[in-house]
Protein chains: 2
Amino acid sequence: MAPQRIAVIGGVAAGPAAAAQAKRTDPDADVVLFEQGEFISYGACEMPYYIADEYQDAGTLLVLTPEEFEKTRHATVRLRHQVLAIHPKRDRIDIKDVTTGVVREERFDKIILAVGARPRMPEIEGVEALNIFPLRRLDDAIAIKAFLENHPVQHAVVMGGGYIGVEMAESLRERGVRVTILEPFGGLLNKYLDPEMQPFVHEEVAAHGVHIRKEKAEQVEQDADGLVRAVKTDKGEKIGCQLVIVAMGLVPNTDLAKAAGIHIGETGALAVDDQMRTNLPSVWACGDCVEVERVIDRKQVYLPLSPVAYRSGHVAGQNAARRGRGTAARFPGVCMASAVQVFGLEVAAVGLRLEEARKAGFDAVAVQIKGWSRVKIYPGSKPIHIRYVVERKSGRLLGAELIGQEGAALRADVLVPCIREGWTVDAIKDLDLIYAPPLAPSIDPLLRAAHAATKKVGRKG
Amino acid sequence: MAPQRIAVIGGVAAGPAAAAQAKRTDPDADVVLFEQGEFISYGACEMPYYIADEYQDAGTLLVLTPEEFEKTRHATVRLRHQVLAIHPKRDRIDIKDVTTGVVREERFDKIILAVGARPRMPEIEGVEALNIFPLRRLDDAIAIKAFLENHPVQHAVVMGGGYIGVEMAESLRERGVRVTILEPFGGLLNKYLDPEMQPFVHEEVAAHGVHIRKEKAEQVEQDADGLVRAVKTDKGEKIGCQLVIVAMGLVPNTDLAKAAGIHIGETGALAVDDQMRTNLPSVWACGDCVEVERVIDRKQVYLPLSPVAYRSGHVAGQNAARRGRGTAARFPGVCMASAVQVFGLEVAAVGLRLEEARKAGFDAVAVQIKGWSRVKIYPGSKPIHIRYVVERKSGRLLGAELIGQEGAALRADVLVPCIREGWTVDAIKDLDLIYAPPLAPSIDPLLRAAHAATKKVGRKG
């Protein structure tokens, strides 16, 4: 067989994972990774810490330089190349060299789309100001940090109170900047936490001098240099500021795929099966441009998180390259496990919030407890708040939210296999977790919460 | 029906759990808890920290005082009462009031044995010396601390390098005492760690000034006051010391049960089914005197750990009291999860060591990796060493050992449901664990180890 040619479009996380795995699967293949920007393979989630100056050099965030990637992964990297169109019937793509502006057509047997997502920007007057930044690509992070180093920023407005918004608030506080978060749709981290858990986060954030307003930006006021000098909100407030960070979520990039006839799912992202196949026989997709299956109810969801990108990229790369040999790799769906550190607090969530569970059709109840990270009276023991969302009829754990200063995030991990296996809270309460006074109490807070939940829904099975 | 009378024999952990649950299950029952010592319901695992003076008052270790227990659990407590004999056919027990010496016979419908275990003592000359202490009961802890406070102890010998031995070495070091551990049977924690993992523990312990000798005590040299002044070993060493702690493991207390005709299992502990029933129809047993089922291979094992005691006590109490109503409670077996903090290190183990797995008949292999607790380059990230023991044919995870400064113990917990479900390392490597740079790396060390193990045994299923 002639060596196959595989094009991977997009170079941040899913793309490099797909290219590397494709080459591993078929070492004879000619694998080319196209990236329209300057960088590939970087830790996008570490950008807030780079801005906070915990990493001084942006190079630290590169997992691999393009040269290292080519050398170790044996795939070709083409930086500053933008794919303009896919012609699946002719196995061709149109590629623009961004530097020269030249557009060429090239033949590939297989195409892997890892085109990611773009930041949702507010559609308001003045948003084009030079000191309004999303935080999506490494260029954004470099620009924000450079701006902070070259301009006297006393006060910044962060639009959006999700993970990135909260992390950026912390980074800016570490640089001595006053911060206001605008979150019009509910409390902080409202995509991950029920309203009953949000106060713990609000308290911590407010204690670190961040103002939180349940308001929406309506207009941006610029000075003569085209720089923001104030944000006006829907409640008529005018907040003076010298920097605006936009952290209002992501929109999957689907134009290229749509034009080629690739199906879009209900979430608005590309529809793929568990082998990361699109509806076109020679096109796979992965990362922040696709939707994935939520294991709890097998519903398709849009979950643009880095581990999902890596894993789906791996699956797409293997399946695109395998030419029918071996077994197909399968993406195992998602439990929706995620975590963020908010100043001194660990906040983690897995599965469904109560409202989400009810929206998905479950007759669900919630139970919330306060436990301790170690034996309660052991020096250094910290409170940990746990909320379980449980299906009333079956007793099955549908979701959990954990907030604490020690071990909240890793405790969420314990629930991931339990949710994957459809365990009841009654089964979870009997888990023989470790116990040692300096490390965890005799009845771990995970088990205490399961006891409380079992009491609420009754023992099952 | 006339109210039933239930005797619970033994008051440390399993007994109080059984008594409380019996009373919860049948509020009309007359439940009596017999304890031959002065205390019930205390945190035995916290005793080393009391000796280190992290808790100043022994009272802190009491979960409930006898008065509190009676008031909140509605069972009767009889301290300083020793049960001498059980007459199952006549539903009678012989009870000695230790204070007065008076022995009486009393009728009970049901008996729950929670008689625990005693420390294994070395059978050597001089072992009766006044400053040789086991650490088993709260009286022992109080005696050790009092001795330390009233005598100039420069050097102590700890016999045994298991959990208690290592914890006591740390407690003594915190009090400024020089320490030598005698562990003749292998490295420290050799019941939990394969030889390949032990050096990390040895290094940490030695770095804190503890001497470790692969030697056995053969003789104790006393002074005129009946106090140890040196320990002589099988290698002819003579170690001067002013205190000896014996931490050589436990022997289940079975004499009372044996005399009543209750069966002993292969491990030497009482044989019970998963409802904690003995072979006698009106006698249940729980805690450190029974053997339990290891879920990995359904073999009976002796595992005298506090969470096992609580859980088995709960099951015994419920089943003894339920009079055929409701469903029987079942003990779910053990994964053998345990952990200890060794100075700055967390050490955790779950399931089987390689040698143990092979002894149990598995064709097993081991894989060992070094990972990082957070994103590697994130400030404060700490190394974590993980070893997986895997069945070669099936790829099933049989056991894991984890050592690190941050999150080793809680990561062991993640593997507990996986082992209970019989997951392969191939399935574990696909777990969507949380990721946030300050909390855990994008590919958690648990997943890296699973990747390495999958590579070694090949993909299964």
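Residues numbered from 1 in each chain as written. Chains lettered and ligands numbered in written order. Predicted model: local features only at pLDDT ≥ 70, side-chain atom pairs only at ≥ 80, totals over all residues.

Before we move on, could you go through the overall build of chain A and cite the residues and values that matter?
The secondary structure content of chain A amounts to twelve helices and 25 strands. For 461 residues, the compact-globule estimate of 2.2 N^0.38 gives 23 Å, and chain A sits close to it at 24 Å. Taking all 461 residues of chain A together, the buried fraction comes to 55%. If you take every contact in chain A between residues at least 6 apart in sequence, the share linking residues at least 24 apart comes to 64%. (Helix = DSSP H or I, 4+ residues; strand = E, 2+ residues; numbered from the N terminus. Rg over C-alpha atoms; globule rule 2.2 N^0.38 Å. Buried ≥ 20, exposed ≤ 12 C-beta atoms within 10 Å, placed from the backbone. Contact = placed C-beta atoms within 7 Å.)

Explain the packing of helix 1 (residues 14-25) of chain B against helix 8 (residues 306-321) of chain B residue by residue, including any values.
The axes of two packed helices give the description: the angle between them and the distance between them. All names here are of chain B. As a packed pair, helix 1 and helix 8 sit with axes 7 Å apart at the nearest point and diverge in direction by 35 degrees. Seen along the crossing, helix 1 lies across helix 8 with a hand that is right-handed. Contacts from Ala14, Gly15, Ala17, Ala18, Ala19, Ala20, Gln21, Ala22 and Thr25 of helix 1 reach helix 8 at Ala309, Tyr310, Ser312, Gly313, His314, Ala316, Gly317, Gln318, Ala320 and Ala321. (Axes fitted to C-alpha atoms, helices over the stretch in contact; angles between N-to-C directions. Left-handed = near helix turned anticlockwise from the far one by under 90°.)

Summarise the sheet that holds strand 22 (residues 345-351) of chain A; cite the residues concerned and give the values.
Residues and elements named next belong to chain A. Ordered by their spatial adjacency, five strands build an open sheet running 21-22-25-24-23, and the pairing between neighbours is antiparallel. Edge positions in the sheet fall to strand 21 (338-342) and strand 23 (364-372), since each of these pairs with one other strand and no more. On average, each strand axis in the sheet is inclined to that of its neighbour by 15 degrees, with strand direction left out of account. Sheet topology note: the strand 21/strand 22 ladder contains five bridges and is antiparallel. Among the inter-strand pairings, Val342 is bridged to a residue of strand 22, identified as Leu345. Seen against the sheet, helix 10 (residues 408-420) touches strand 21, strand 22, strand 24 (383-391) and strand 25 (397-404) and runs at an angle of roughly 10 degrees to strand 22. (Pairing = 2+ DSSP bridges.)

How would you sum up the interface of chain A and chain B? Please name residues and give values.
Contact residues are listed per partner, giving 48 residues for chain A and 48 residues for chain B. Where the side of chain A that touches chain B is concerned, the elements lending two or more residues are helix 8 (306-321), strand 21, strand 22 and helix 10 of chain A.

Tell me about helix 3 (residues 66-73) of chain A, residues and numbers included.
Residues and elements named next belong to chain A. Regarding helix 3, the residues found buried are Pro66, Phe69 and Arg73. Buried residues of helix 3, seen end-on, are gathered within an arc of 60 degrees and therefore sit on one face of the element. For helix 3, the exposed residues set more than 90 degrees away from the buried face come down to Glu67, Lys71 and Thr72. Check the buried side of helix 3 and you find it contacts helix 1 (14-25) and strand 3 (76-79). (Arc of directions from axis to C-beta.)

Lay out the relation of the copies chain A and chain B with the relevant residues and their values.
Once turned by 180 degrees and shifted 0.0 Å along the axis, chain A lies on chain B with an RMSD of 0.0 Å. The transformation relating the two chain copies, once decomposed into turn and shift, fits a two-fold axis. The position closest to the rotation axis in chain A is occupied by the C-alpha of A:Val414, lying 2.1 Å away. Of the residues that chain A buries at the interface, 100% are likewise interface residues in chain B, meaning the two copies contact each other through the same surface. (Least-squares fit on C-alpha atoms with pLDDT ≥ 70 in both.)

Report on the sheet that holds strand 4 (residues 81-87) of chain A, specifying residues and quantitative values.
All names here are of chain A. With respect to topology, three strands assemble into an open sheet ordered 4-5-6, the strand pairing being antiparallel. Edge strands, defined here as strands with exactly one partner in the open sheet, are strand 4 and strand 6 (103-107). In this sheet, neighbouring strand axes are inclined to one another by 30 degrees on average, regardless of whether the strands run parallel or antiparallel. Sheet topology note: the strand 5 (residues 92-97)/strand 6 ladder contains five bridges and is antiparallel. Across the sheet, the residue bridging to Arg92 is Arg107, located in strand 6.

An account of helix 5 (residues 163-174) of chain B is requested, with residue identities and associated values reported.
Residue and element names in this part refer to chain B. An ideal rise of 1.5 Å per residue puts 16 Å on twelve residues; helix 5 measures up with 17 Å between its terminal C-alpha atoms. Along helix 5, the positions that sit buried rather than exposed are Tyr163, Ile164, Gly165, Val166, Glu167, Met168, Ala169, Glu170, Ser171 and Leu172. A positive backbone phi angle near 85 degrees is found at Gly176, which sits one or two residues after helix 5. (Expected span 1.5 Å × (residues − 1).)

So what's going on with unusual backbone geometry? Which residues, and what values?
Residues and elements named next belong to chain B. Phi is positive for Ser41, which is not a glycine, with a value near 50 degrees. Its location among the elements puts Ser41 in the loop between strand 2 (30-35) and helix 2 (47-51). Ser41 sits in the buried class, given 24 other C-beta atoms within 10 Å. Of note in the backbone geometry, Phe343 takes a positive phi value of approximately 50 degrees without being a glycine. Of the residues examined, Phe343 has 16 C-beta atoms within 10 Å and is grouped as partly exposed.

Which residues make up the pairing of strand 1 (residues 5-9) of chain A, and what are the values?
All names here are of chain A. The buried count for strand 1 comes to four of five residues, which makes it a mostly enclosed element. Of the pairings in the sheet, the one linking strand 1 to strand 2 (residues 30-35) comprises five bridges and is parallel in character. What sits directly across from Ala7, in strand 2, is Val32. Taken together, strand 1, helix 1 and strand 2 form a β-α-β motif whose crossover is right-handed. Alignment of strand 1 against strand 7 (residues 110-113), held across four bridges, turns out to be parallel. (Right-handed = clockwise from strand over helix to strand, strands pointing away.)

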